[in-house]
Amino acid sequence: MTQTTHTAIADQVDDSHHPKSFISKYVWSQDHKVIAIQYSITAIGVGLVALVLSGMMRLQLGFPDQFSFIDPSSYLQFVTMHGMIMVIYLLTALLLGGFGNYLIPLMIGARDMVFPYLNMLSYWTYLLSVIVLLASFFVTGGPTGAGWTLYPPQAVLNGTPGAENGIVFMLISLAIFIVAFTMGGLNYVTTILQARAKGMTLMRMPLTIWGIFVATILGLLAFPALLVSAIMMMFDKLVGTSFFMPAILSLGENIDHKGGSPILFQHLFWFFGHPEVYIVALPAFGMVSDVIATHARKNIFGYRMMVWAIVAIGGLSFVVWAHHMYVSGMNPYFGFFFATTTLIIAVPTAIKVYNWLLTLWQGNIHLTIPMLFAIGFIFTFTHGGLTGLMLGNVVVDLPLSDTYFVVAHFHMVMGVSPVMVLFAAIYHWFPKVTGKFLHTGLGKIHFWGTFLGTYAIYLPMHYLGFLGVPRRYFAMGTTDFIPESAQALNASITVSAIIVGVIQLVFIFNLIWSVFKGKKAGDNPWNATTLEWQTTKTPPVHGNWGPSLPVVHRWAYDYSVPGVKDDFIPQNVAPDQVIMIEKVEGAENVEGMESNQKGDNT
Amino acid sequence: MAIAIVIVLLVIGSLIFHYVSPWWFTPLASNWGAIDDTINITLWVTGIVFVLVNLFLAYVVFRFQYNKNRRAHYEPENTKLEGWLTAITAIGVAGMLAPGLFVWASFINVPQESDVIEVVGQQWHWSFRLPGNDGELGRTAIALISEKNPFGLDTKDSSGQDDILILSNEMHIPIDRPVKVLLRSKDVLHNFAVPQFRVKMDLVPGTVTYLWFKPTKIGRFEILCEELCGVAHYTMRGSVVVDSAEDYQTWLSEQQTFAQSMAVPLGDMEKGWELYAGCAGCHGAQGEGIKSLNAPRLAGMSSWYTKRQLAYFQKKIRGTDANDTSGQLMSQMSQLLADKAAINDVAFYINSLKPDEAAHSSTGDLSKGKQLFRSCSYCHGEKAEGNFFMNAPKLSGQHDWYLSQQLNNYKKGIRGNHPFDLYGSQMMLMSRLLHDEKAILDVVSYIGTLDKGLSK
Amino acid sequence: MTFFRELAEKPWLAENGPLALSVAQKETNQFPAKTALKFFLGVVTVLFFLFTITFLSRSQSNDFQALSGEPWLPFTDAYQLWINTGILLLAGICLQFAVFSLKKQQMNLFILLISCGCLFSCLFIFGQINVWQNLYQAGFALAENPANSYFYLLTGIHGLHLIGGVLALSYVVWQFWLKNNNKKLVDNLTLCTVYWHYLFVVWLFLFALLTGNTATYKTIAAFCGF
């Protein structure tokens, strides 16, 4: 148990990547914190592009035939790019590349990632993938409009916008992204397994780290499926193979393909696509758990159950993919299996929701901005999760699939909910990243606008789905079964969407303003227990911990431990350093006695 | 505090929205009441959970707000409570899943006595095929598809000879008989969905998928494509007409079999020439079109398109709108053609006419026109040469004044509005992309530049 | 199984204290690149596994013409592939013995062996390219048939992984040149060797898979339930 063996990896600060100049400090930086910020800014930037694209789509849907710059081609291009950017280039990159990078070393008590150079390479590769993606806006024919699922044969055929070049750029960009993610992912996993501070057992890790850890493993195992399908589709497109292309006509012309299977692509795509949902959701689950525990001053309820649920969801997420394909024409008998597995995954997910609620129960809830967003998350996630049960139940999916119900569902569960957590996390960790608080008043405007606005968008949207309005329609035109009033609904959704979009500018302003003018925060403004708040410098310096690494003595959730003076004990406080209340009067802490002894035992 | 109240209000608001909302499933028109029942069960279970969880959330947030005199309770876990919650959730989930699986089993097992129809999807149209008297659909192959044989039937397969081909966006089926719908695609993925029937399934090129239902209401129901199939995905509509048994028989007797469709002669040039004399007065001796008489150019028009339009005029599907005087005139004139054979002959003759290049005087913005034409080009072709397989007529060579007049007619619903104009509705949707007169002028001017060297 | 035992811990209880310290201790002693390599090999395995699944599924369609089984098919007699297999095996063996020689500080032998390892690896890649050329000249072009497509695709991706390995190996040797850290070189080189052996196993698998005949694919597919 000597310090030396342990320092072999994590304690060693390699001189070679100590920043010396501006460039090596902020541009070609190998510091996980700088890389995290680079990842975050890039992801938020490209996310804003996607936000604008969604606004354009909504303009067409809310007020059809009013805007001459939107035609069916560009509409589909907006849909596709919006979806792909949001899911992969924003959410995955921000949650894992941004928060993962920032929080992993700090929360587990390491000096940096174990492979800092690889980490830097990961960011620049990611940036390259973003550039290639955005470049597709400027090539002949524009970006692909095949829908974010990129289903062949139409994705590569004339008749779909971007079939000339856009699809190739998209596939190349995805392949580059996967390389970037794999570099980052190997780093995260290895760091979590190898570079934890002394005493940081797996079960003492904060749930944030658990979420990121399992999500990263999911990503490492799921992204190859996307890579395989991208490579094979690229071959079909560029050299005329027939992996996914059966004998077909293209706009009336017989083209030279035969025998391929479009459904095979769908299986590959969703074998990636469903775990992808949890690649986004699990880090969000983790982070929201920590935000709730900290701001409710209470230990996370049922920590073990929470960890098991994360692991179980991660495992199950690989055997539910075909629930996206109930009406795809696959072997219909698969429906039984996948409906069952899908509904089973609801159980661990429900447990997580219960445990968040039970964490709040008998807590001492500070309604800070992060907490507001966390509460908002519980609400939206419950809503989205429950509609997911409807779609997962195979026959209920029959009338609802490919309608706006699906769009509303996945935006609720995979758009709004993780974004709520992202905001909670940004408001929560911003003081550590910059040393300043974000402005509370602006934060409130941002929260209420986002929370109420998104609900005003997506609740009515479910009802368009019940009506049977199909998704990915440029215009509905006149039909005999959709009442005129549906258009009013659409218009109101668009108005809400634009309001929500504009509110985000308040947030962006708040970010920039607070970096310079925000109220100063100390090292541990929220009185949190986890290690990242225990650094002696804020923002933490290169190497994070000063001369010696922290030693972990307890789990991450010692909030309001009975008999202890403060209502939190940081993870690195040794048992003999815990300051007890002088003399306990007795009565109120009966059930806390067991844990109370903890301080005395060692 | 506010957040607790807002959450309660949102829960109440959602419930009110749910109950007063006029937006709900369209009335069921098939046997799939069981699907609606499953939806209701699921909705009840999930709805109750939604209300309970969020009211509890609001209560907790309200009850345990920060108070500096209070300390949070310390309780790492409560295995018993968590066990109970898990068990209750599992029961709820099983309660939703079990009925769902039973209904799914009945969805994938087609009743023995079902009629079979085949639905063929292509960008962006529907067509249909019935097995005919032998009850068996003939073999097909993509490679065999041609203008003469749009279904790609194998002529060597005898079971295909009596297949009934319905090359139109409209299908008829008899009421109260279960029907197994075989789904086939010629190009990309499509999805056959009729909201009132509740069931849907993708059409996957290279394989045949299926679904089944039993229509229980007489009427006309819209078919929507619900799997993204390219630019004009949203215009890929069709209809299923559910008929009484007698009406269905009447309709069926009017349809052509594959053998009959192959036997239609090419057309008689002599007879066509004779018949065309009646048209020449307005459309010109060479079919060049005369602006002062509001008569479009006919020369070189594909015969399939001429035939369809003449049939529309005859059946009062086109040219009935009060604002379309020349259309009304044409509708009367078309009655002069006695039968299908006459239409066939005159269309054949018109196709053979070779006029001079049309003079174009439109002065729109060509680069804007080119941009706008991108949406048209998928069906009408890069050179506006027309495409039988996309049901799109040739546009190049046509007079600019006629094109802009027709585009306006489509936009205003003067043309294409008739329920039996099965292709016009598509053009109505597309014409809305041209927001104003200027846009129409631009695109028509651009089309005018395309006929160089193309006119026969 | 320690993982699952750990998952059952109640971290809030005091008795985990000293235990926890020792557990974390043990893990951090490992060489991190080794863990990363394990995961990376997992990723690559998934990649090839998924390709294999699609291959088996595709092999059941009518237009699929296997590359062996009949006299006129190129891999009925796959001697060229056998030669390449031997070369790749030699490359792995050279690297393995390079590690041994390094441990014994026999630097000259080490340099010889590691050069041979690189040389044989490159030779394998040229051998594979040669196979492609022969295949192409025999009329088995890439897009002619899915079996051909898969052959080019999978050997290509396997080759890319090997090229990546050669680059990584060069980087490791170069780093040694700069810093002369013997311990680190042994560690890194061991990992390279593991990677080479892994690629050799993958190659054997691909070899068997891509040169099967129709009957074999039928059996496998039936076994997998396609």
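Note that residues are indexed from 1 along each chain, following the sequence as it is written. As they are written, the chains are lettered A onward and the ligands numbered 1 onward, keeping that order. For a predicted model such as this one, the threshold for reporting local features is a pLDDT of at least 70, and the threshold for listing and counting side-chain atom pairs is 80 or more; totals across whole chains, interfaces and linings nevertheless cover every residue. Excluded from the side-chain calculation are hydrogens and water; included are all heavy atoms of the structure.

J.: Any chance you could explain the overall build of chain A here in plain terms?
T.: Helix and strand definitions follow DSSP, with helices as H or I runs of at least four residues and strands as E runs of at least two, each counted in order from the N terminus. Looking only at helices and strands, chain A features 16 helices and 2 strands. Just to be clear, the radius of gyration here is over C-alpha atoms, and the globule rule we use is 2.2 Å times residues to the power 0.38. On C-alpha atoms alone, chain A measures out to a radius of gyration of 25 Å, which is about the 25 Å that the 2.2 N^0.38 rule sets for 602 residues. For chain A, the C-alpha atoms occupy an extent of roughly 85 × 55 × 50 Å along the three principal directions. Should any heavy atoms of two residues lie within 4.5 Å, those residues are considered in contact. A separation of at least 24 residues holds for 78% of the contacts in chain A among residues at least 6 apart in sequence. Only the protein chains shown count as covering a residue, and every accessible area follows the Shrake-Rupley method with a 1.4 Å probe. About 17,600 Å² of surface is accessible on chain A, with carbon and sulfur atoms providing 67% of the total. Averaged over its 27 positive side-chain charges, chain A has a centre that lies 8 Å from the centre of its 29 negative ones. Only four residue types enter the charge count, namely Lys and Arg as positive and Asp and Glu as negative; His and the chain termini do not. Think of each charge as sitting on NZ of Lys, CZ of Arg, CG of Asp or CD of Glu.

J.: I keep staring at the pattern of salt bridges and nothing clicks. Help me out?
T.: When the charged atoms of two side chains lie near each other, side chains of opposite charge can form a pair. All names here are of chain B. For salt bridges, the criterion is a side-chain nitrogen of Lys or Arg within 4 Å of an Asp or Glu carboxyl oxygen. All told, the structure shown has 18 salt bridges over all chains when counted by the stated rule. Among the salt bridges present, the one from E226 reaches K200, with a minimum N-O distance of 3.0 Å. One end of the pair, E226, is in the loop between β9 (219-225) and β10 (237-243); the other, K200, is in strand β7 (residues 200-203), with 26 residues separating them in the sequence. Classification of K200 as buried rests on a relative accessible area of 3%. The salt bridge involving R237 is made with E222; its shortest N-O contact spans 3.5 Å. Of this pair, R237 sits in strand β10 while E222 sits in strand β9, placing them 15 residues apart in sequence. Each of the two residues, R237 as well as E222, counts as buried. Residues joined by salt bridges that share partners form a network here, namely E118, R129, D163 and R184. Burial classification: accessible surface area is computed with a 1.4 Å probe over protein chains only, and a residue below 20% of its type maximum counts as buried, one above 50% as exposed, and the rest as partly exposed.

J.: Whenever I open this one, the nonpolar core confuses me. Can you help?
T.: Buried together is how nonpolar side chains tend to be arranged in soluble globular proteins. The criterion is simple. A nonpolar core is a set of buried Ala, Val, Leu, Ile, Met, Phe, Trp, Tyr and Cys residues joined through side-chain atoms within 4.5 Å. One finds Y89(A), Y126(A), L150(A), W210(A), Y303(A), W356(A) and F192(B) to be the most contacted residues of the largest nonpolar core, which totals 370 residues. Ranked by the residues each element gives to this core, the list is headed by helix α4 (residues 72-108) of chain A, at 24 residues. Of all hydrophobic cores here, the second largest spans 19 residues; its members include I142(B), A299(B), L310(B) and I350(B).

J.: Can you walk me through the packing of helix α10 (residues 334-360) of chain A against helix α3 (residues 79-108) of chain B in this structure?
T.: Any two packed helices are characterised by the angle at which their axes cross and by the distance between the axes. As a packed pair, α10(A) and α3(B) sit with axes 9 Å apart at the nearest point and diverge in direction by 155°. The angle between the axes of α10(A) and α3(B) places the two elements in the roughly antiparallel class. The way α10(A) lies across α3(B) gives a crossing that is right-handed. From α10(A), G335(A), F336(A), A339(A), T340(A), L343(A), A346(A), V347(A), A350(A), I351(A), Y354(A), N355(A) and L358(A) reach across to α3(B), where they touch L81(B), E82(B), L85(B), T86(B), T89(B), A90(B), V93(B), L97(B), L101(B), W104(B), A105(B) and I108(B). All amino acids are sorted into three groups, where Ala, Val, Leu, Ile, Met, Phe, Trp, Tyr, Cys and Pro are nonpolar, Asp, Glu, Lys and Arg are charged, and the leftover types, Gly among them, are polar. Residues that form the contact of α10(A) with α3(B) fall into these classes: 18 nonpolar, 5 polar and 1 charged. All axes here are fitted lines through C-alpha atoms, helices being fitted over the stretch that makes contact, and every angle between N-to-C directions spans 0 to 180 degrees. Oblique is the label for any angle not covered by the other classes, which are roughly parallel (under 35 degrees), roughly antiparallel (over 145) and roughly perpendicular (65 to 115). A clockwise turn of the near helix away from the far one marks a right-handed crossing, whereas an anticlockwise turn of less than a right angle marks a left-handed crossing.

J.: Please clarify how the pairing of strand β4 (residues 170-174) of chain B should be interpreted in this entry.
T.: A regular strand places its side chains so that they alternate between the two faces of the sheet. All names here are of chain B. Most of β4 is tucked away: 5 of the 5 residues are buried. Residues E170, H172 and P174 line one face of β4 and the alternating positions M171 and I173 line the opposite face, and both faces are buried. For two strands to be treated as a pair, DSSP must find at least two bridges joining them. Here β4 runs beside β10; their pairing, made up of 5 bridges, is parallel. Looking at the pairing, M171 lines up with V240 of β10.

J.: Whenever I open this one, the sheet that holds strand β3 (residues 164-166) of chain B confuses me. Can you help?
T.: Remark on secondary structure: sheet strands pair via backbone hydrogen bonds, oriented parallel or antiparallel. Residues and elements named next belong to chain B. A sheet is described by the order of its strands in space; here 6 strands give the open sequence β8-β5-β1-β2-β3-β11, paired in mixed fashion. Both outer strands of the open sheet, β8 (209-213) and β11 (256-257), are each paired with one neighbouring strand and no more. Both β3 and β11 contribute to a ladder of 2 bridges, which runs antiparallel. Residue L165 lies in a different strand from β11, and its bridge partner there is Q256.

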